[in-house]
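Here's the letter readout for the chains.
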Amino acid sequence: MRKSTENAEIFKKRRKKIIEGLNGAALIVASHPEQVRNDDVHHDYRQDSNMYYLTGFEEPESILLLRPGKNPESVMFVRKKDVERETWNGFRFGPEGTKSEFLIDAVYAIEDFQKESLELLKGFDEVYYRLFKNKEADLKIEELLLNLKRAYGRSGYGLMTVKDADTFLGEYRLKKDENELENLKRACQISAEAHVAAMKFTKPGVNERQVQAVMSHHFYMSGSARVGYPYIVASGNNATTLHYNFNDQECKKGDLLLIDAGAEYNYFSGDITRTFPVSGKFTEPQRKVYEGVLKIQKELIAYLKPGVFFKDLHEMGASRLTDLMLELGLVSGRKDDVMKANQHRKYYPHGIGHWLGMDVHDAGLYVIKGEPRPIEPGMCFTIEPGLYIPANDMTAPPELRGIGVRIEDNIVITNKGCEVLTSAVPKEIDEIEKLMAGN
Ligand code: GLY
Ligand code: MN
Ligand code: MN
């Protein structure tokens with residue numbers, strides 16, 4: 001029998017905390033749907049982050065229902081055991097196995113969802129559920145809500161109120177507990193090691209895809225099940241396409257290589273970007289851009305502590321990168337005018353970072369009721385300034401064209417400041433050049 005990946009007690013404890021926060025409302029979370037890749041081939045399956053967060057259960061066609069203060073309090077609906085299907089597609093826990101392995105109070109076959117949940121939801125005024133993520137689950141919830149209304153007869157009441165489950169759960173996921181941090185730190189460590197391996201491997205003539213292979217070998221060998229998001233292995237001008245993912249070009253002498261890649265570990269993802277010269281030595285123009293971006297990244301990280309507003313980090317990043325653009329001759333005029341006209345967005349079109357966790361762009365509010373929120377201990381995010389100068393940009397100084405630089409680290413806020421979880425990958429120019437000197 002297949003065992004669950006992590007200790008079921010972790011998820012039981014987590015459910016208890018969520019149940020306390022539900023304030024009497026019910027919560028329904030559906031598994032992620034399976035996705036066809038082509039014809040009868042499916043994409044590799046990955047569970048919905050919230051479903052995993054609350055159960056550790058990794059099968060599709062499953063639903064979790066939490067009923068604060070009721071018995072049973074935690075209920076799941078899962079696929080039945082099926083010898084033939086399991087022969088083809090692998091082990092299923094089934095209702096009994098799910099109940100005992102995942103410590104759920106009551107577990108039914110997914111086919112019984114309507115019948116059982118109609119009774120289980122009676123008496124609740126509100127239910128948290130995320131609409132429009134899983135069409136099949138949405139149809140089940142629609143039928144359930146209509147059945148519930150019918151079951152109340154002509155009372156005058158409309159449908160049960162549905163609140164957004166992802167917004168609710170996001171606030172819990174935003175501040176990482178000990179177990180979450182342990183997983184995230186391991187994901188960052190594996191990701192950092194793979195970036196070092198990629199730097200050591202890279203030299204003129206290797207293909208971007210081969211660099212990717214070096215990283216993925218390290219990920220799998222270190223216990224990572226998959227990446228947190230598609231690899232970006234972008235040499236030369238490809239680095240100026242933010243989400244470049246063809247990853248199939250030859251890395252050429254004289255070009256930079258930008259790699260944005262992160263391993264997932266127990267559903268937590270690293271998200272690291274490094275930019276380094278294919279030949280192991282920065283040219284003068286590359287050095288000027290790189291040093292400028294690195295200085296800004298380090299300044300931002302040095303500024304981090306509880307109470308700082310994420311919005312201020314965005315503004316500081318944009319302001320300092322605009323200074324750099326003026327210095328490099330990418331834009332001209334008064335800084336205020338450049339920023340007001342959004343001219344800086346041409347070379348820095350993204351934000352300074354994002355929450356990081358089970359989703360690479362993780363759950364959690366950035367703004368609460370229109371007000372920016374301060375960062376708190378346990379919050380994890382990226383700091384990733386960048387500058388991208390397309391080769392065909394005829395207004396940029398010629399020696400800077402085709403240079404794309406981003407430097408991205410992963411951070412956890414501590415009581416006094418922050419911890420950089422990805423500092424094992426070099427980012428200082430002399431460190432990178434030294435590391436690559438042996439290639
Ligand atoms: N790798 C996606 C990002 O940096 O946001
Ligand atoms: Mn990122
Ligand atoms: Mn990234």
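Note that the structure is a prediction, hence the values are computed from the model and not measured.

### What to know about the site of ligand 1
The environment of ligand 1 is formed by Y229, D260, D271, H354, H361, E384 and E408. Interatomic distance of 3.2 Å between a side-chain N/O atom of E408 and an oxygen atom of ligand 1. Alone, ligand 1 offers 200 Å² of accessible surface; in the complex the protein occludes 90% of this. Residue classes in the shell around ligand 1 are distributed as one nonpolar, two polar and four charged.

### Things to note about the nonpolar core
Core analysis: the biggest nonpolar cluster contains 63 residues, and I259, V289, L313, L330, I375, F381 and L387 have the highest contact counts within it. I259 has contacts with H195, A198, V211, M215, I232, V233, I272, T273, R274 and F276, leaving out every residue within four places of it along the chain. Ranked by size, the runner-up nonpolar core spans 37 residues in total, among them I19, M51, F57 and Y128.

### Things to note about the pattern of salt bridges
Summed over the entire model, instances satisfying the criterion amount to 36 salt bridges. Between R287 and E433 there is a salt bridge whose closest N-O contact spans 3.5 Å. Of this pair, R287 sits in helix α10 (residues 284-303) while E433 is found in helix α13 (residues 429-436), placing the two residues 146 residues apart along the sequence. Residue E433 is classed as buried on the basis of its relative accessible area of 12%. Note that K427 and D409 form a salt bridge whose closest N and O atoms lie 2.8 Å from each other. Here K427, found in the loop between β21 (418-420) and α13, pairs with D409, found in strand β20 (residues 409-413); they are 18 residues apart in sequence, far enough to count as distant. Here K427 falls in the buried class, since its relative accessible area comes to 15%. By sharing partners, the salt bridges in this structure join D48, R130, K133, D164 and D166 into a single network.

### Quick notes on α10
Each turn of an α-helix holds 3.6 residues, which means side chains three or four residues apart point in the same direction. In this model α10 runs 29 Å from its N-terminal to its C-terminal C-alpha over 20 residues, within 8% of the 28 Å that 1.5 Å per residue would give. What α10 keeps buried is the set P285, Q286, V289, Y290, G292, V293, L294, I296, Q297, L300 and I301.

### Some remarks on the pairing of strand β1 (residues 26-30)
Most of β1 is tucked away, with five of its five residues classed as buried. Residues A26, I28 and A30 point to one face of β1 and L27 and V29 to the other, with burial holding for every one of them. For β1 and strand β4 (residues 63-66), the ladder comprises four bridges, and the chain directions are antiparallel. From the neighbouring strand, V29 faces β4, where its bridge partner is L64.

### Digging into the coordination of the manganese ion (ligand 2)
Around the manganese ion (ligand 2), the protein contributes the donor atoms D271 (OD), H354 (NE2), E384 (OE) and E408 (OE), at 2.0 to 2.2 Å from the metal centre. Counting gaps between the donor residues of the manganese ion (ligand 2) yields the pattern D-x82-H-x29-E-x23-E. The distance between the manganese ion (ligand 2) and the manganese ion (ligand 3) is 3.3 Å, with D271 acting as a donor to both metals. Taken together, the positions of H354 in the loop between α12 (335-340) and β15 (367-368) and E384 in the loop between β17 (380-383) and β18 (386-389) put the pair 30 residues apart, joining distant regions of the chain. E384 carries the same exposure label as H354, and that label is buried.

### What about the coordination of the manganese ion (ligand 3)?
In this structure, D260 (OD), D260 (OD), D271 (OD) and E408 (OE) serve as the protein donors to the manganese ion (ligand 3), at separations of 2.0 to 2.3 Å. Around the manganese ion (ligand 3) sit six donor atoms; with metal-centred angles ranging over 57 to 171°, the donor geometry is irregular. Within one chain, the residues donating to the manganese ion (ligand 3) are spaced in sequence as D-x10-D-x136-E.

### Remarks on a negative patch on the surface
A surface patch of like charges, here negative, comprises E34, E61, E111 and E136. You can see E34 is positioned in the loop between β1 and β2 (36-38). Using a relative accessible area of 42% as the deciding quantity, one classes E34 as partly exposed.

### Some points on the sheet that holds strand β13 (residues 268-269)
With respect to topology, three strands assemble into an open sheet ordered β9-β12-β13, the strand pairing being antiparallel. What marks the edges here is a single partner per strand, and that holds for β9 (226-227) and β13. Of the pairings in the sheet, the one linking strand β12 (residues 263-265) to β13 comprises two bridges and is antiparallel in character. Note on β13: the bridge partner recorded for E264 is S269. Set on the sheet, helix α8 (residues 178-201) makes contact with β12 and β13; between it and β12 the angle comes to about 150°.

### Structural notes on the sheet that holds strand β5 (residues 74-78)
Taken in spatial order, the six strands of this open sheet run β6-β5-β4-β1-β7-β8, and their pairing is mixed. If you trace the sheet from one side to the other, it starts and ends with β6 (106-109) and β8 (161-163), each paired once. Taking the axes of each pair of neighbouring strands and ignoring which way they run, one obtains an average angle of 20° across the sheet. Pairing of β1 with strand β7 (residues 126-128), which is carried by two bridges, proceeds in the parallel orientation. Paired with L27 across the two strands is Y128, which belongs to β7. In the packing of helix α4 (residues 94-102) onto the sheet, the strands contacted are β5 and β6, and the crossing angle to β6 comes to about 160°.

### Notes on the side chain of T98
Take T98: it is sitting in helix α4. At 2.7 Å, the side chain of T98 forms a polar contact with the backbone oxygen of G94. Leave out the neighbours within four places in its chain, and T98 touches F57, M76, V78, F93, L103, I104 and V107.

Rules used throughout
Residues numbered from 1 in each chain as written. Chains lettered and ligands numbered in written order. Predicted model: local features only at pLDDT ≥ 70, side-chain atom pairs only at ≥ 80, totals over all residues. Heavy atoms only, no water. Near = heavy atom within 4 Å. Polar contact = N/O pair within 3.5 Å; in protein donor to acceptor, adjacent residues only side chain to side chain. Areas by Shrake-Rupley, 256 points an atom, 1.4 Å probe, with all protein chains shown as cover. Nonpolar A, V, L, I, M, F, W, Y, C, P; charged D, E, K, R; others polar. Core = buried A, V, L, I, M, F, W, Y, C linked by side-chain atoms within 4.5 Å. Buried < 20%, exposed > 50% of the residue type's maximum accessible area, 1.4 Å probe, protein only. Contact = heavy atoms within 4.5 Å. Salt bridge = Lys/Arg side-chain N within 4 Å of Asp/Glu carboxyl O. Helix = DSSP H or I, 4+ residues; strand = E, 2+ residues; numbered from the N terminus. Expected span 1.5 Å × (residues − 1). Pairing = 2+ DSSP bridges. Donors = N, O, S within 2.8 Å, 3.2 Å for Na, K, Ca; no water. Tetrahedral: all angles 85-135°; square planar, octahedral: opposite > 155°, others 65-115°. Patch = residues over 30% accessible without salt bridge, like charges linked within 9 Å, V, L, I, M, F, W, Y side chains within 5 Å. Lys, Arg positive; Asp, Glu negative; His and termini not counted. Charge placed at Lys NZ, Arg CZ, Asp CG, Glu CD. Axes fitted to C-alpha atoms, helices over the stretch in contact; angles between N-to-C directions.

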